[in-house]
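Descriptive structure summary
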Amino acid sequence: MSSEDERTNPPGEQLALIRESVRKAKEPKARRGTWRGADLAEGLPVARVLVDKGVLHLDKYFDYAVPAAMDADAQPGVRVRVRFGAGAHNVVSGRREGGGLIDGFVVARLTESDYAGPLAAIAQVVSPEPVLSPALLRLCRAVADRYAGSLADVIQLAVPARHGRVEKKPSPEPPATPAPPEPGTWSRYPTGPALLRALGRGDSPRAVWTALPGPHWPAELAAAIAATLASGRGALAVLPDGRAAARVDAALTALLGEGHHVLLTADSGPEARYRRWLAVSRGAVRAVVGTRAAMFAPVQDLGLVALWDDGDSSHAEPHAPMPHARDVLLLRATEERAAFLLGGLIRTVEGAQLVETQWALPVDASREEVRAAAPLVRTIGDGDQARDGAARAARLPSLAWQVAREALLRGPVLVQVPRRGYVPRLACERCREPARCGQCAGPLELTDGSSAPQCGWCGRPEAAWHCQECGGFRLRAQVVGARRTADELGRAFPKVPVRTSGRDGILGAVTGTPALVISTPGAEPVAEGGYAAALLLDGWALLNRPDLRAGEETLRRWTGAAALVRPATEGGTVLVLAEPTLRPVQALVRWDPAGHAARELAERAELGFPPVSRMASVTGSPAAVAALVALVELARLPEGAAVLGPVPVSGDRPGGPRRAGDAPAGEHWERMLIRVPPGSGAALAAALKAAQVARTALKQTDQVLVRIDPLDIG
DNA sequence: AGCACGCCGACT
DNA sequence: GTCGGCGTGCTC
């Protein structure tokens, strides 16, 4: 320390200067791991590193010195290991304690650091493969901001685990640019051929596409990808499951052969996945077809992002910060100036909103084409069923038997039954009014192992129920059990083979010969030549859910099954057990998913529901939720924000799987919702992130779950 | 999150 | 005068 300082400076500053001089005096020789400046990389001796720790207040970069030996390898995007921790500043002891080696990514190389202290050196370049490209980093940053999450969390989703062996092998040479594809069945849509031409000449159109029922959509998606490849750009298509991805993969292979694209799904092992991912990252392959995780695939010079069936819940990433594939691809389309194609048999409210705001153009078929492709849809409402004496006895309406019997002469018949785990809800046998709890008006359910029905909300058993509407006292299950229906149908048609497809055993396809195919929603096999008929028996299970999306989801699942049925012109018939006055039922009968979505969107706008307004949910212990929301309000919420709740969230869901946001067993959790007007989503996310940072700074460690645009708000 | 630093009371 | 409590703040 210097005696001069003591004389010329006031005491407070003095102390700081003393510390500073001690630091300067001791650092160069004492601190192991701190760079002494001898063999530093010339030119760009500093590496800015993203330290891979999912902690929010660490969501910033740290600068490290680059040893000369690592100069060539430590390029932006490579994985490194660095020392990180409080021990690094132990000046007095001169020893490095704690602060172990942790993983990170180099995000930039610089001539100097803006950090005043001494830089530690990069401990190790894990591999020279630049896996985190600038474009991928920008995307991850945008996703983290959008979801009030940390960059490190998003990067964990975007960059797969390393496989050293795979990295050592070179990827194949990229194939030559293919010729543009023929319009093919895209000609069935008035704007279809123009969309392909736009993609082929390098434009970036944005479209929300309502696909016609039938088997052509995988080839149409493949043609859009091929057209983009023909422009010399890359393309990415995300599908809800491996089965759908495999269909597009096959269609693309049929169109272009091997080598132009890879299939990125969870089905292939980690090594194969990393090999394919690297081929994409290196630019050896320009097109990707895959499931959710492929939304981050580092396709070079991206020309098109496509998403199929965005209403499928598997497009929502279950890991923090829970981004949705639709939003990630929207961000990519904007940031990478790529075309955007949102396709599906139905239209979600989000899709409708993209059309409504004129961000995207609708691609719809004419009514003539719809009529030519869609099956005949018939309904059986409650009134019909109540009048139908046979139905009450046999559990299935007689019209259903008729349709099945007739169709089985001509081909396979699909029977859509509720998924196991749906708790059957009860209704009055006489008037079909849903049976409600006398205490809290919750729905009555029959649970396994108990004879008396009990309330699905308060759990109270209802021993002596009677109907509030008609005074009836006999109950009837509104949902027909899958296993029993299959048994019954099988017995009724003993000469016809019965095949089942469900969660534990999904059939890919069946032949065109007569057969009964019993399937849960989403697991329907494709039938060669189409089904002769479909019976949709799960209307109540789907429509009765207390969910904002219940109508859309019901229509989506019905349409998914109905689209596998032959057109009405070839005798294809769909029978749906649901009240014909309900909006989704009407949309199915008229085959008008775009109209359904437009009406749902208008209703959401009127009620101030998402996606017209933006929402965030905060879930956790009452104290934690209250504290976080208070901090969000402190961080200043955007104009017009509304804080809703708190409401209790169910701890254990009997009959249902545990989901993110469920309280741990025995704990009482609450949820609050914060709603902001359109255009304030970014401000809301920023305020939430600031509040979370403040919360950790205040050492409030009990868990809270913050979700932007939660899917399941009642 | 760890972990060290530092500013308070109880002890030799 | 020294040891050690935990509250505060930093980690390149």
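Criteria and thresholds
Residues numbered from 1 in each chain as written. Chains lettered and ligands numbered in written order. Predicted model: local features only at pLDDT ≥ 70, side-chain atom pairs only at ≥ 80, totals over all residues. Heavy atoms only, no water. UniProt positions renumbered as here; feature names shortened; annotations may be inferred. Helix = DSSP H or I, 4+ residues; strand = E, 2+ residues; numbered from the N terminus. Contact = heavy atoms within 4.5 Å. Areas by Shrake-Rupley, 256 points an atom, 1.4 Å probe, with all protein chains shown as cover. Domains from an automatic or database assignment. Buried area = accessible area lost by both parts, 1.4 Å probe. Salt bridge = Lys/Arg side-chain N within 4 Å of Asp/Glu carboxyl O. Polar contact = N/O pair within 3.5 Å; in protein donor to acceptor, adjacent residues only side chain to side chain. Core = buried A, V, L, I, M, F, W, Y, C linked by side-chain atoms within 4.5 Å. Buried < 20%, exposed > 50% of the residue type's maximum accessible area, 1.4 Å probe, protein only. Pairing = 2+ DSSP bridges. Axes fitted to C-alpha atoms, helices over the stretch in contact; angles between N-to-C directions. Phe/Tyr/Trp six-rings, centres within 6.5 Å; stacked < 30°, edge-to-face > 60°. Lys NZ or Arg CZ within 6 Å of the ring centre and 35° of its normal. Parallel < 35°, antiparallel > 145°, perpendicular 65-115°, else oblique. Nonpolar A, V, L, I, M, F, W, Y, C, P; charged D, E, K, R; others polar.

Looking at an unreviewed UniProt entry, chain A carries the name Probable replication restart protein PriA, with the source organism given as Streptomyces fildesensis. The UniProt entry for chain A carries the following comment under Function (unreviewed entry): "Initiates the restart of stalled replication forks, which reloads the replicative helicase on sites other than the origin of replication. Recognizes and binds to abandoned replication forks and remodels them to uncover a helicase loading site. Promotes assembly of the primosome at these replication forks." What UniProt records for chain A under Subunit (unreviewed entry) is the sentence "Component of the replication restart primosome."

**Some words on the overall build of chain A**
Looking only at helices and strands, one finds 22 helices and 28 strands in chain A. In chain A, the proportion of contacts linking residues at least 24 apart, taken out of those at least 6 apart, comes to 73%. When the accessible surface of chain A is totalled, it reaches about 32,000 Å², and 54% of it is carbon and sulfur.

**So, the domain arrangement of chain A**
Many structure descriptions define interface size as the accessible area lost when the parts assemble. Per the domain assignment, the segments of chain A are domain 1 (11-130), domain 2 (184-370), domain 3 (376-602) and domain 4 (614-708). Residue-level contacts link 20 residues of domain 2 with 25 residues of domain 3. Roughly 1,700 Å² is buried in total at the junction of domain 2 and domain 3, and carbon and sulfur atoms are behind 60% of that figure. When the buried area of domain 2 at its contact with domain 3 is split by residue, Arg243, Ile346 and Val349 rank highest and sum to 34% of it. The tally of links between domain 2 and domain 3 comes to three salt bridges. Measuring nitrogen to oxygen at the nearest pair gives 2.9 Å for the salt bridge that ties arginine 549 to glutamate 350. Applying the counting rule to domain 2 against domain 3 returns nine residue pairs in polar contact (both at pLDDT 80 or more). Elements represented by at least two residues in the side of domain 2 that touches domain 3 include exactly α8 (242-256), α11 (349-356) and α12 (367-373).

**Looking at the nonpolar core**
Leu136, Ile155, Val159, Leu236, Val288, Phe296 and Leu688 are the most contacted members of the largest nonpolar core, which has 72 residues in total. Not counting chain neighbours up to four residues away, the residues in contact with isoleucine 155 comprise Leu50, Phe105, Leu132, Leu137 and Cys140. With 66 residues, the next largest nonpolar core counts Trp209, Ala222, Ala287 and Val576 among its residues.

**Observations concerning the environment of proline 215**
As for its placement among the helices and strands, proline 215 is situated in the loop between β6 (206-210) and α7 (217-230). With 99 residues separating them in the primary sequence, proline 215 and serine 314 have C-alpha atoms 22 Å apart.

**A short note on the pattern of salt bridges**
Within the structure shown, the criterion is met by 33 salt bridges. Residue lysine 689 is joined to aspartate 59 by a salt bridge in which the shortest nitrogen-to-oxygen separation is 2.7 Å. Of this pair, lysine 689 sits in helix α22 (residues 681-697) while aspartate 59 sits in the loop between β1 (46-51) and β2 (61-65), and the two are 630 residues apart along the sequence. As far as the burial class goes, lysine 689 and aspartate 59 line up, both buried.

**Considerations on the sheet that holds strand β4 (residues 101-110)**
Strand order in the open sheet formed by five strands is β2-β1-β4-β3-β5, and the pairing between neighbours is antiparallel. Strands with a single pairing partner mark the edges of an open sheet, and in this sheet they are β2 and β5 (122-127). Direction aside, neighbouring strands of the sheet carry axes that sit 45° apart on average. Bridging between β1 and β4 involves six bridges; their strand directions are antiparallel.

**Quick notes on the environment of arginine 695**
Here arginine 695 shows up in helix α22. For arginine 695 and valine 632, which are 63 residues apart along the polypeptide, the C-alpha to C-alpha distance reads 10.0 Å. Excluding its chain neighbours within four sequence positions, the residues that come into contact with arginine 695 are Ala624, Leu628, Leu631, Gln700, Thr701, Asp702, Gln703 and Val704. In this structure the side chain of arginine 695 is engaged in a polar contact, spanning 2.3 Å, whose partner is the backbone oxygen of aspartate 702.

**A short note on the UniProt feature "binding site: Zn(2+) 1" (unreviewed entry) in chain A**
In the numbering used here, UniProt assigns the feature "binding site: Zn(2+) 1" (unreviewed entry) to Cys428, Cys431, Cys467 and Cys470. Owing to a relative accessible area of 28%, cysteine 470 belongs among the partly exposed residues under this scheme.

**Observations concerning the packing of aromatic side chains**
Given two aromatic rings, one states the distance between the centres and the angle between the planes to describe the pair. Here the structure, examined in full by the defined rule, presents nine aromatic pairs. Its end group placed over the ring of tyrosine 147, arginine 146 keeps NZ or CZ at 5.1 Å from the ring centre. Sitting over the face of the ring of tryptophan 359, arginine 206 holds its NZ or CZ atom 4.2 Å from the ring centroid.

**Overview of the packing of α11 against helix α20 (residues 593-607)**
Orientation of α11 relative to α20, taken along the N-to-C sense of each, is 85°, at an axis distance of 8 Å. Overall, the two elements α11 and α20 adopt an arrangement that is roughly perpendicular. Where α11 abuts α20, its residues Val349, Ala352, Gln353 and Glu356 lie against Ala597, Ala598, Glu600, Leu601 and Arg604. Class assignment for the residues of the contact of α11 with α20 results in five nonpolar, one polar and three charged.

**Some points on unusual backbone geometry**
Along the chain, alanine 320 connects to proline 321 via a cis peptide bond; the corresponding omega equals -5°. Among the structural elements, proline 321 can be located in the loop between β10 (302-308) and α10 (325-335). Here glycine 645 and proline 646 are connected by a cis peptide whose omega angle stands at 10°. Note that proline 646 resides in strand β26 (residues 642-649). The phi dihedral of alanine 148 falls on the positive side, at around 55°, and the residue is not glycine. By the element assignment, alanine 148 lies in the loop between α3 (134-146) and α4 (151-158).

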